[in-house]
Amino acid sequence: MNYFPLKESKMKRIKTFLKIFLGMIFITSCKTSINKSYPTINIEKNNNKEINSIKQKMEVKFSCGEDGISKFIDDGWIILKEKSQEKICTWKSVPSTKDCDMEKDKGCKLTKPDKIGEEKIYLLEKKL
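Definitions and limits used
- Residues numbered from 1 in each chain as written.
- Predicted model: local features only at pLDDT ≥ 70, side-chain atom pairs only at ≥ 80, totals over all residues.
- Heavy atoms only, no water.
- Disulfide = S-S within 2.5 Å.
- Helix = DSSP H or I, 4+ residues; strand = E, 2+ residues; numbered from the N terminus.
- Buried < 20%, exposed > 50% of the residue type's maximum accessible area, 1.4 Å probe, protein only.

J.: Can you walk me through the state of the cysteines in this structure?
T.: Two cysteines joined by a covalent bond between their sulfur atoms form a disulfide. All chains considered together, the criterion is met by two disulfides. With its sulfur 1.9 Å from that of its partner, Cys64 forms a disulfide with Cys89. Because the torsion about its S-S bond is -105°, the bridge between Cys64 and Cys89 counts as left-handed. Placement of the pair is Cys64 in the loop between strand S1 (55–63) and helix H3 (69–74) and Cys89 in strand S2 (residues 78–95), with a sequence separation of 25 residues. Owing to a relative accessible area of 35%, Cys64 belongs among the partly exposed residues under this scheme. Judged by its relative accessible area of 28%, Cys89 falls in the partly exposed class. Across the disulfide from Cys100 sits Cys108; the S-S distance is 1.6 Å. Across the S-S bond of Cys100 and Cys108 the torsion is about 65°, and the bridge reads as right-handed. A relative accessible area of 14% places Cys100 in the buried class. Taken N- to C-terminal, the disulfide-bonded cysteines of the chain are connected 1-2, 3-4.

Right under this line is the structure:
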């Protein structure tokens, strides 16, 4: 019993045609760069400019009284931008009510900021 409505010889022809068709698509989709002239670029001149202009950038943050920026300045870094913002340095736990025993009942404990300090953010740059 044949389940396909087409005869086997027609199926073979269709398969052969599809193989040839897909092969032609594959071959014609590949492009070659033979016989094309591209402008030449003097690489030595461009490399010298790039070497002199290579810069490294970094962002450094210091919080709550820390200050280590002098170490970077001594290393040859230059400060491009300096920002400061308020930051919470430490937290403390307090009872939510007068009757609260924080050691027995953890659910009545509130956490509040204890000390508020300043965070400084520096954008640094260094020429290599």
